[in-house]
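Chain by chain, the residues:
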Amino acid sequence: MTEVRLFQTCLAEEFYPQVGDAAASVLSGLKLGVRRVRRAFCCGQVAFNEGLRDEARDLARRFLSAVEPGGPLVVPSGSCASMIKIYYPDLLADEPTLLAKANALRPWVFEFSQFLVNVLKVKYVGARFERTVAYHPSCHLLRELHVADEPRTLLSAVNAIKIVELPDARECCGFGGLFSVKFAEISSAMLDAKLARIRQSGAGVVVANDCGCLMQIGGGLHRAGAQIETRHLAEVLAAR
């Protein structure tokens, strides 16, 4: 294996470009060529979750026109990786040509930590991060892709890091895309519970693998005036 494709996702493109840069840096440091997917901006997950199937299909069509099976496609997001791997067959059930391409691509799609640990068999990437960190597992990563230990494995190998347990870590942060807008009161209550657990952990940094979680948690911490930062796993692994 000499080259991988990197799909940064729309949230990273728009709000967290440093995440794509960090993921590319880590992969390049492992002697891989990194080709960023430029012609596809969004996998269509938000539209799909809202029942806007025509719009989601249009985005899926654009995405599938930009990538081909036959080489690893790395996605620094559990939710977007699960959309491509798990929900495209539902979305594209009435589009035989697109469905065939999606099914051919599925074995080549990997969430970032999943790819490092399970495909490359890598645990240590030379990172150094002198902070106290709590890890928040995102819902799609954990429940759809069943990626639980891989991020912790990578974090535990980072030099100078101190990892603390996040109480009730598997509880959702309340983001859920437009769920946080349509059901703001429920989302805020879920976020308040998550923030209380973060403070209880004593962490100075919260690490997650999804930009949606980072946006939700980071926004809550900022509004509360908490001196606690958020980082994507890729950013921690790229730190030196």
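Quick summary incoming for the structure in this document.

How each quantity is defined
- Residues numbered from 1 in each chain as written.
- Predicted model: local features only at pLDDT ≥ 70, side-chain atom pairs only at ≥ 80, totals over all residues.
- Heavy atoms only, no water.
- Axes fitted to C-alpha atoms, helices over the stretch in contact; angles between N-to-C directions.
- Helix = DSSP H or I, 4+ residues; strand = E, 2+ residues; numbered from the N terminus.
- Parallel < 35°, antiparallel > 145°, perpendicular 65-115°, else oblique.
- Left-handed = near helix turned anticlockwise from the far one by under 90°.
- Contact = heavy atoms within 4.5 Å.
- Nonpolar A, V, L, I, M, F, W, Y, C, P; charged D, E, K, R; others polar.
- Core = buried A, V, L, I, M, F, W, Y, C linked by side-chain atoms within 4.5 Å.
- Buried < 20%, exposed > 50% of the residue type's maximum accessible area, 1.4 Å probe, protein only.
- Pairing = 2+ DSSP bridges.
- Phe/Tyr/Trp six-rings, centres within 6.5 Å; stacked < 30°, edge-to-face > 60°.
- Lys NZ or Arg CZ within 6 Å of the ring centre and 35° of its normal.

### Looking at the packing of helix 4 (residues 53-66) against helix 6 (residues 96-105)
Across the interface, helix 4 lies against helix 6 with an axial gap of 11 Å and an inter-helix angle of 55°. Comparing their axes, helix 6 and helix 4 come out oblique. In this structure, helix 4 crosses over helix 6, and the sense of that crossing is left-handed. Side by side, helix 4 and helix 6 meet where Arg61, Phe63, Leu64 and Ser65 of the first sit next to Leu98, Lys101, Ala102 and Leu105 of the second. Partitioned by chemical class, the residues of the contact of helix 4 with helix 6 number 5 nonpolar, 1 polar and 2 charged.

### Regarding the nonpolar core
Among the nonpolar cores identified, the biggest contains 59 residues, and Phe7, Leu27, Phe63, Leu73, Tyr88, Phe112 and Leu237 are the most heavily contacted of them. Sort the elements by how many residues they give to this core and helix 5 (residues 78-91) lands first, with 6 residues. Residues in contact with Leu73, not counting those within four places in the same chain, are Arg5, Phe7, Val37, Phe63, Val67, Leu105, Trp108, Val109 and Phe110. If you look at the next biggest cluster of nonpolar residues, it comprises 22 residues, including Val19, Leu191, Cys211 and Cys213.

### Details of the pairing of strand 1 (residues 3-6)
For strand 1 and strand 2 (residues 33-36), the ladder comprises 4 bridges, and the chain directions are parallel. Paired with Leu6 across the strands is Arg36, a residue of strand 2. Note that strand 1 and strand 3 (residues 73-75) share 2 bridges and pair parallel. From the neighbouring strand, Leu6 faces strand 3, where its bridge partner is Val74.

### Focus: the packing of aromatic side chains
Using the criterion set out here, one finds 5 aromatic pairs in the structure. Summarising the aromatic geometry, the rings of Phe7 and Phe63 are spaced 4.9 Å apart at their centres and angled 65° between planes, so their arrangement reads as edge-to-face. Here Phe63 lies in helix 4 and Phe7 lies in the loop between strand 1 and helix 1 (10-14), a separation of 56 residues in the sequence. The interplanar angle of 75° and the centroid separation of 6.2 Å between the aromatic rings of Phe63 and Tyr88 together place this pair among those described as edge-to-face. Of this pair, Phe63 sits in helix 4 while Tyr88 sits in helix 5; the two residues are 25 residues apart in sequence, bridging distant segments of the chain. Judged on exposure class, the residue Phe63 and its partner Tyr88 are both buried. Taken together, Phe7, Phe63 and Tyr88 form an aromatic cluster joined through their ring pairs. Just above the ring of Phe110 sits the side chain of Lys85; from NZ or CZ to the centre is 6.0 Å.

### Points about helix 7 (residues 112-119)
Most of helix 7 is tucked away: 6 of the 8 residues are buried. The secondary structure elements touched by the buried residues of helix 7 are strand 1, helix 2 (17-29), strand 3, strand 4 (109-111), helix 9 (150-156) and helix 13 (233-238). Where helix 7 terminates, the next one or two residues include Lys121, which has phi positive at roughly 60°.

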